[in-house]
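# Analysis of the macromolecular model
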Amino acid sequence: MDGIDYKILKILQKNARETASNISKEIHLSVSAVIERIRKMEETGIIKEYTIIVDEKKTGNGMTALMEVSLEHPKYFESFAEQIQGLDYIVSCYYQTGDFDLMLKISCHSSDELEEIHRQVMSIPGVSATRTHVVLKNVKNIYSAIRKPE
C-alpha cells in the first residue's frame, strides 16, 4: 500500500458509496486506476466489506452501554464468544487486557432492557463479574483508523 491507497481508503471510509469518478478527481488519478486499486485492496483483504453506520436512536435503540466482562478462567473464552454471536443487541465485543477480559458494546431500547441483558450475560457459564457504563453521548464514531505508517 502506498499513499494513494491510504487516500482512497479515507475517502471510502467517509462514504463507501463514493464513485470511482469522484475519487479520481479528488486524488488526481484516472478512474480505471482507482477501480484497479480498490479491486486489489478487496482481493488482498485490506477492504473486508462495505457497511453502513445506523443512527441507533432512530431505529428505536435509544440506549448504548459498554459492559466489561470478567471470565473465571480463559477456558471459557471460546464458549462465551460463541454464545454472544446470536445476541443482536451486542453490536461489538473486544477481548482485552486489564482488569476485565472483554468489552461489549450494547445497543438497546431502555434501562429495563439493559437490566435483562445484564442478567443474560451474567448467566453465561464462566462469567464471574461485569461492570456496565451507560453512554451519554457518542462523540466520535469511525470503524477503524486509517493512517499511513511512518
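Structure's up top.
Since we're looking at a predicted model, the values are computed, not measured. (Residues numbered from 1 in each chain as written. Predicted model: local features only at pLDDT ≥ 70, side-chain atom pairs only at ≥ 80, totals over all residues. Heavy atoms only, no water.)

### Digging into the pairing of strand 3 (residues 102-108)
- Burial within strand 3 is extensive, with six of its seven residues counted as buried.
- Pairing between strand 1 (residues 63-71) and strand 3: seven bridges, direction antiparallel. Across the sheet, T64 pairs through a bridge with S107, a residue of strand 3.
- Where strand 2 (residues 90-95) lies against strand 3, five bridges are found, and the strand directions are antiparallel. The partner of Y94 across the bridge, within strand 3, is M103.
- What sits between strand 2 and strand 3 in their antiparallel hairpin is a turn of six residues, with G98 showing a positive phi close to 110°. (Buried < 20%, exposed > 50% of the residue type's maximum accessible area, 1.4 Å probe, protein only. Helix = DSSP H or I, 4+ residues; strand = E, 2+ residues; numbered from the N terminus. Pairing = 2+ DSSP bridges.)

### Looking at the environment of Q83
- Looking at the secondary structure, you find Q83 in helix 4 (residues 77-84).
- For the pair Q83 and S144, spaced 61 residues apart in sequence, the C-alpha separation works out to 25 Å.
- In this structure, Q83 is in contact with I124 and P125, ignoring residues within four places of it in sequence. (Contact = heavy atoms within 4.5 Å.)

### Some words on the packing of helix 2 (residues 20-27) against helix 3 (residues 31-43)
- Orientation of helix 2 relative to helix 3, taken along the N-to-C sense of each, is 105°, at an axis distance of 8 Å. As far as their axial angle goes, helix 3 and helix 2 are roughly perpendicular. Note on element contacts: helix 3 touches helix 2 through V31, V34, I35 and I38, opposite A20, S21, I23, S24 and I27.
- Residue composition of the contact of helix 2 with helix 3, grouped by class: seven nonpolar, two polar and no charged. (Axes fitted to C-alpha atoms, helices over the stretch in contact; angles between N-to-C directions. Parallel < 35°, antiparallel > 145°, perpendicular 65-115°, else oblique. Nonpolar A, V, L, I, M, F, W, Y, C, P; charged D, E, K, R; others polar.)

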